[in-house]
Amino acid sequence: MEQGVIVIGAGQAASTAVETLRKEGFTGEITLVGDEPELPYSRPPLSKKFLAGELAEERLLLKAQSFYDSHQVRLRLGTRATQLSTQTRTVTLDTGETLNYSKLLLCTGSSPRRVSVPGHDLQGIHYLRSKSDVARLAHELTANRRIVIVGAGYIGLEVAATCRQLGLQVDVLEMAERIMNRVVASPVSDFFAQEHAKAGVNIHTRHSLAGFLADPQGRVCAVQTTDGAQWPADLVLVGVGGLPNTELAARAGLTIDNGVAVDLYCQTSDPDVYAAGDCANQFSTHYQRRLRLESVDNAFEQAKTAAQNLLGKSLAHDKIPWFWSDQYDLKLLISGINMDFDQGVLRGDPSTRSFTYCYLRGNELLAVDCINQAKDYMASKRLIADRTSMDLMRLADISVPLREATAQG
Amino acid sequence: MAELVIVDRDGAEHRVEGKAGVSLMETLREMDYGVAAICGGMCSCATCHIYVDETWLSRLPAPQGDELELLQELTSRRPTSRLCCQVEFTPALDGLKVAIAPDE
């Protein structure tokens, strides 16, 4: 089958897709269109080692330039796709060019959700998604400056940890009653709150953003919350979640449902267009709900599936998702999705800084949060995929290996 | 130039230049027959599993901590298993021979 594939976006999903297409023996033309001027790079280190200056820029690259050359991938970087027509199967670029495709893969990713409160466009207010965001942020991170971080999710807390390591004064404002509210249960959230407090991060929950105050030069100097309190700031990072980049797909008339809606095969509402990664919203047969996930694993797996399917295979994607976050020397590994859990079981003692929190519905293991517990994390993957019933007494005993804590027939 | 000998999943041998001073993973993820390394070297995913040729095993430091825990739960684990994101390649390892482990 000779045809041309265009991949829109140049992140993890795009990189995996291109690699998979060639691995599968596809010899047609591949064009990668990315609005950032960079080769596809790894985003997770941006809020961690790369922000701290501990990782050289070239080590972020998922593949070197030589890979794209030897695999004959046409790179159109620093170029934005402005229009997609599924009738004529064409993509228009901001250079004015029009490219034809036989199959198209949307890997357009997500963008930080922007706040629109008064003062939102002042200098010194940062978001974090790309290498250029880091470049702007990193040169502001000098010891003893005061950073106020809005939002206590992964990005906010990872940056908080990095900033403490760099010697800044750190305040985190979170509107929910606890940190990482959307992703982990209270025992895990409380543990991380204590660790951040020990490291000197000031976390203020139940504080909603009202606006930003400017100094006479027009630069942010404080954050105001809805209770009227003001939090002095030399700089601000806003990390309040991500939104899928769906503009191109929406204008082309593709079905959108908190992301580009795809079926189990990563196919959109147009049979020649597929989507993968942060921008895609897919039904999970395991969890019986639609999910839009912002994770490297999901980008990798969906892109691999989409690339094979657009070459004619029909592989359903239904792997158990996983996530990780590094804060200080703590490695949080999450396997599965805990939505709909009705009971939680703690394995181990958080004060040892190594424990696992298990989410169950009835006795079925749905998800785990593993803190410095890589062994439980690895064992959990199969147990979750197999919908294993657990023995709750044995599950609560960390000396029993997780895979042996199952209910006996 | 320090060479790395890689045995792919089909048993074919490849000789490539190893990047010194960084992990083996950074060389192996560039190869079509190489490793997925989904987490990018954070020792979080076990998708860069390799087997080190027995004659070389004693010249590498033993796996520890998270790497050991991740390896212990892999069904394809052997005594020679390593996660290649945790193995630094150096010129002293010229000729190091490793095999790519199966996908889990």
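Residues numbered from 1 in each chain as written. Chains lettered and ligands numbered in written order. Predicted model: local features only at pLDDT ≥ 70, side-chain atom pairs only at ≥ 80, totals over all residues. Heavy atoms only, no water.

**Some points on the interface of chain B and chain A**
1) Next: Taken residue by residue, the interface counts 23 residues in chain B and 28 residues in chain A.
2) Next: Carbon and sulfur atoms supply 50% of the area buried between chain B and chain A, which totals about 2300 Å² over both sides.
3) Next: If you sort the residues of chain B by the area they bury against chain A, Ile38, Met42 and Glu73 of chain B come out on top, with a joint share of 29%.
4) Next: Our count for the chain B to chain A interface comes out at four salt bridges.
5) Next: We note a salt bridge from Glu26 of chain B to Arg59 of chain A, for which the minimum N-O separation is 2.7 Å.
6) Next: For the pair chain B and chain A, the number of links is 14 residue pairs in polar contact (both at pLDDT 80 or more).
7) Next: Ranked by the residues each element gives to the side of chain B that touches chain A, the list is headed by helix 3 (residues 65-72) of chain B, at four residues. (Contact = heavy atoms within 4.5 Å. Buried area = accessible area lost by both parts, 1.4 Å probe. Salt bridge = Lys/Arg side-chain N within 4 Å of Asp/Glu carboxyl O. Polar contact = N/O pair within 3.5 Å; in protein donor to acceptor, adjacent residues only side chain to side chain. Helix = DSSP H or I, 4+ residues; strand = E, 2+ residues; numbered from the N terminus.)

**Quick look at empty space enclosed by the protein**
1) Next: Using the criterion set out here, one finds two cavities of 30 Å³ or more in the structure.
2) Next: If you add up the space inside the largest cavity, you get close to 160 Å³.
3) Next: Around the largest cavity, the lining comprises 17 residues; the ones closest to its centre are Gln282, Ser284, Leu291, Leu293 and His317 of chain A.
4) Next: A per-element tally of the lining of the largest cavity places strand 20 (residues 280-284) of chain A first, with four residues.
5) Next: Approximately 110 Å³ is the volume found for the second largest cavity.
6) Next: In terms of lining residues, the second largest cavity is bounded by Gln12, Ser15, Thr16, Glu19, Leu62, Lys63 and Phe300 of chain A together with Arg29, Val35, Ala36, Ala37 and Ile38 of chain B.
7) Next: A total of four residues in the lining of the second largest cavity trace back to one element, the largest contributor, which is helix 1 (residues 12-23) of chain A.
8) Next: Classifying every residue of the lining of the second largest cavity gives six nonpolar, three polar and three charged. (1 Å grid on protein atoms, 1.4 Å probe; cavity = no way out; pocket = protein on both sides within 12 Å on 5 of 7 lines; lining within 4 Å. Points joined across faces, edges and corners; volume = space filled by probe spheres on them. Nonpolar A, V, L, I, M, F, W, Y, C, P; charged D, E, K, R; others polar.)

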